[in-house]
Amino acid sequence: MKLLIPILALFFTFISCQTKTNGPERGVSFSLNEHRKNTISNISYQIRLDIPPAKSERIKGEITIAFNLNSLDSALVIDFNSDSSHITSVQIDKNDIPYDFVNEHIVIQSKHLEKGNNQVHISFTAGNLSLNRSDEYLYTLFVPDRASTCFPLFDQPNLKAVYKLTLKTPAEWEAVSNGALQSKSTEKEKSIYGFSATKPISSYLFAFAAGKFFKASKKIDGREMTMYYRETDTAKVNRNRDEVFSLHAKSLAWLENYTGIDYPFGKFDFVLVPSFQYGGMEHPGSVFYNESALFLDENPSVNRLLSRASVIAHESAHMWFGDLVTMDWFNDVWLKEVFANFMAAKIVHPSFPEINHNLRFLLAHYPGAYDIDRTAGTNPILQDLGNLKNAGTLYGGIIYQKAPIVMRKLERMIGEDLMQKSLREYLKTFAFKNARWDDLIGIIDKNTPQDIAKWSTVWVKTPGMPEYELNRNADSVSITQKRDSVSSRIWTQPLVFQGLNNGNQPVIFPNSNGTGYGYFKMDSISKAYFIENYAGTDTIFKNPVFRGAMLVNIWEGLLRDGNPKPGILVENMLETLKKEQNALIIDYLLGNLQTTWWTFLNEDQRKSYQENVELKLWDLLNGTKDKGIKTSYFRSFKNIALTANGLKKLESLWNAKLVIKDLILSEDDKISLAYELALKSPDGASSILDEQLKNTKNPDRKARMQFVIPALNVDEAKRDAFFETLKDEKNREKEAWVLDALGFLNHPLRQKSALKYLRPSLDLLQEIQLTGDIFFPTRWLHSTFAGHSTKEAATIVQTFSNENPDYPYFLKNKILQETDMLGRAVKLGKHR
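Cut-offs applied
Within any chain, residue numbers begin from 1 and follow the written order of that chain's sequence. Owing to the predicted nature of the model, reporting of local features is limited to residues with pLDDT of at least 70; listing and counting of side-chain atom pairs is limited to 80 or more, with chain, interface and lining totals taken over all residues. The side-chain figures draw on all heavy atoms in the structure; neither hydrogens nor water molecules are used. The pairing test for Phe, Tyr and Trp rings, Trp by its six-membered ring, is centres within 6.5 Å, and the orientation test on the planes gives stacked under 30 degrees, edge-to-face over 60, and tilted for anything in between. Numbering of helices and strands runs from the N terminus; a helix is a DSSP stretch of H or I covering at least four residues, while a strand is a stretch of E covering at least two. Categorising residues by exposure relies on relative accessible area from a 1.4 Å probe, with only protein chains included: less than 20% of the type maximum marks a residue as buried, more than 50% marks it as exposed, and the intermediate range marks it as partly exposed. Two limits define a charge over a ring: the Lys NZ or Arg CZ must be within 6 Å of the ring centre, and within 35 degrees of the ring normal. Note on method: axes are straight lines fitted to C-alpha atoms, helices fitted across the in-contact stretch only, with angles between N-to-C directions ranging 0 to 180 degrees. Each angle is binned into one of four classes, with values under 35 degrees roughly parallel, values over 145 roughly antiparallel, values of 65 to 115 roughly perpendicular, and all other values oblique. A clockwise turn of the near helix away from the far one marks a right-handed crossing, whereas an anticlockwise turn of less than a right angle marks a left-handed crossing. By definition in these notes, contact holds between two residues if any of their heavy atoms fall within 4.5 Å. The nonpolar class holds Ala, Val, Leu, Ile, Met, Phe, Trp, Tyr, Cys and Pro. Asp, Glu, Lys and Arg form the charged class, and all remaining residues, Gly among them, are polar. The criterion is simple. A nonpolar core is a set of buried Ala, Val, Leu, Ile, Met, Phe, Trp, Tyr and Cys residues joined through side-chain atoms within 4.5 Å. Any two strands are treated as partners once DSSP identifies two or more bridges connecting them. Note that the arc is computed from the directions linking the helix axis to the C-beta atoms. Pairs of N or O atoms are called polar contacts if they sit within 3.5 Å, as long as, within protein, a hydrogen donor faces a hydrogen acceptor (for residues adjacent in sequence, only side-chain-to-side-chain pairs).

Trainee: Which residues make up the packing of aromatic side chains, and what values go with them?
Mentor: Aromatic ring pairs are defined here through the distance separating the ring centres and the angle between the ring planes. Evaluated as defined, the whole model comprises 60 aromatic pairs. When the ring of Y468 is compared with that of F520, the centres are 4.9 Å apart and the planes differ by 10°; the resulting orientation is stacked. Of this pair, Y468 sits in strand 22 (residues 467–472) while F520 sits in strand 26 (residues 519–520), and the two are 52 residues apart along the sequence. Both residues of the pair, Y468 and F520, count as buried. Among the aromatic side chains, those forming a connected cluster through ring pairs are Y137, Y139, F213, F276, Y278, F288, Y395, Y400 and F775. One residue, K734, lies across the ring of W737, its end atom 5.5 Å from the ring centre.

Structure follows, in structure tokens:
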């Protein structure tokens, strides 16, 4: 029955492509994807783009599409997600040909084509949606289906092609793309960059950047690498540059050794972009990063150092997992992400021998996965996808956090050697091609007696997580998995429980090694013993993985079962922080402390604890000798401080009248302090922001500040007017800036006045999904709702849901995920 669906869909595609009235639907449907996959091959693109100096001017382009067509049974559909006015001409053999423009596709009737080799030449004006244009630079971001917003092509991952790009830019601009620079010449006031042809790559991996970039190059073990960047702080660049190159070299060398395949794409460059939408993007030969993720401030915490190493390892791993072998359809996008995360976790181990990597894996993956899997909007790892235009909604915590956990379980089931052997076979079999999860499972299944396909059905193809309960009776203790609501699934996994003698009542710690996945409900006896003996003499407490696993259990229990006394939770976390020296655990606890403070405590409760919490955080900040931990405590104190004394300390740190030993404040820190002071000290907000704006040297950070400042205005009417501007797509181009502003508009201190923003924010979500990048809908929702914890806010969400019963399920799930904490806060408030 499963085979009938694409066959029938393909039949209807043949019909629709030949008629103007019922042409191809918007986006790339699965049926169109399958039809083109089976009829088009040997694709190459020659692209010429002329970039003017002014952002407001249009970019003119030409593209020659060469391809082999094995059937003339239907019209040719070329994707161009723009409007017909952007098409100047469509030619074959230098002759204009008629075409239809239907639902963002150029449709050419088969009578103009030949069976075999064809070339179509199109002159066009490039769309701006994915060009990320600023006054001094631009960069592309075409994942998952956005290449067609810029130029016409077959925009689907399983039609890999060779790309050859020529860019005309303002004379003083640098340019970089996937291919090596083949030539550079000048023409009047323009530079002309000619890049060599790429290896076969998917359309979402093609990329270029151009603008006023600095650059630095370094050769390590025979590999030349060039870094393009915008940062103007030369001390920061010099402090980070060598380590950034070194981490790339180590990652690539490790991957070559593990896979048995040399780096597949020739040259290796990377571009550091201010306010880049993601941590990184794996364009082969031209990896893009968020500049702040790689250029760290002084005294970074161990988490920041690990994050940098991990994002570099992650993007490097994509060169093999995602770029060399690419998913056949975007429903398997998780496959490239899980292997990048999975490999990154392995790669960073040698670079950080002093770190407990089991603890790091636990805290980097389990809490984030649980944040989604506990919600009513959770999804399986492998999701359905009917049209590429919705592919961005597949991304999230399940792909990035849960999938690596599942992959580690698979490796432990079959063994590291068989996993490596299977992955090597997978990469060699599908090199420069496309594959599915089931292709890999087939390779593994033939080499092991275990039923991996059955295991995969539960862990990969169904949503949710198991729940376990501790049952005590007179003479024994047992652990049971609660009955599953989805087909009575059994989540096969090894579990470890640690027991301690404590008089007549044994203490049981579920999932004590932190490898099991699920909700492990701790009983009151075990929780009390753990909290009371946190720094005790029991050997088990000396194991940071055990401590981390139990803290995760307790936090999950709070969120699921509620805690009528969140203030006591705050006190317990502060006492625990006094006893903890592990930087990873400290960062985890501080994150939970801030969530509890702003989400689960009401205003009166915060007032009663405010002075004491500030005092204890300040003491911890000044008491630690670890520079990274000191930075973590500073940022938590900055987040929570609200008393006159606390704000005075923040202002003194901001204006440098107060200096704390080993606490180095960057320009970003000073800007953040100015924002907090403007938010919490309205009387001096304007002068503080004006002063900080004047003192900010970096032009990109200054521009970001100028955008965000209206969201901090003390005048509610002016904040309202600023929010209204976000309804215009052009004012949402800088997504990171928008998210900063939304966070301040909806800050917990302003949540009452911000209630009016919630319904319009929900109403905009579908438009944001179509015009923004892949993470923007989720982040838009998070920045909007994270500051709200009232019944009124929850009612607005419920009303929206009731009034939109046919709302797209993939966006409905995002709403359920990002408002889950709001619902729990309201539920908890009923019991205070």
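There is more to say, and it comes next.
Trainee: So, the packing of helix 21 (residues 699–708) against helix 23 (residues 735–745): which residues are in play, and what are the values?
Mentor: In contact at an axis separation of 9 Å, helix 21 and helix 23 are set at 40° when each is read in the N-to-C sense. As far as their axial angle goes, helix 23 and helix 21 are oblique. Judged by the sense of rotation from one axis to the other, the crossing of helix 21 with helix 23 is right-handed. Residue-level contacts link D700, A703, R704, F707 and V708 of helix 21 to A736, W737, V738, D740, A741 and F744 of helix 23. The residue makeup of the contact of helix 21 with helix 23, split by class, is 8 nonpolar, no polar and 3 charged.

Trainee: Which residues make up the nonpolar core, and what values go with them?
Mentor: Core analysis: the largest hydrophobic core is formed by 271 residues, its most contacted members being F151, W334 and F509. Looking at this core element by element, the count peaks at 12 residues for helix 6 (residues 333–351). For F151, the residues in contact, after removing those within four places along its chain, are I47, I63, D79, F80, F124, F142, Y163 and F206.

Trainee: Describe the pairing of strand 8 (residues 116–125), listing the residues and the values that go with them.
Mentor: Counting buried positions along strand 8 yields 7 of 10 residues, so the element is predominantly enclosed. Across 10 bridges, the pairing between strand 2 (residues 60–69) and strand 8 is antiparallel. Paired with I65 across the bridge in strand 8 is V120. Taken together, the 4 bridges between strand 4 (residues 87–92) and strand 8 define a ladder with antiparallel strand orientation. Considered in strand 8, the bridge of S89 is made with S123.

Trainee: Tell me about helix 22 (residues 716–725), and name the residues and values.
Mentor: Within the span of helix 22, buried status applies to R719, F722 and F723. Down the axis of helix 22, the buried side of the element spans an arc of 100°, and every buried residue falls inside it. Buried residues belonging to helix 22 abut helix 21, helix 23 and helix 24 (751–763). Sitting at the head of helix 22, D715 places a side-chain oxygen 2.9 Å from the backbone nitrogen of A717.

Trainee: For the sheet that holds strand 23 (residues 477–481), give the residues involved together with the corresponding values.
Mentor: If you walk across this open sheet you meet the 3 strands as 23-22-26, and the pairing is mixed. If you trace the sheet from one side to the other, it starts and ends with strand 23 and strand 26, each paired once. Of the strand pairs in this sheet, strand 22 and strand 26 are connected by 2 bridges, and their pairing is parallel. Within strand 26, the residue paired with E467 across the bridge is Y519.

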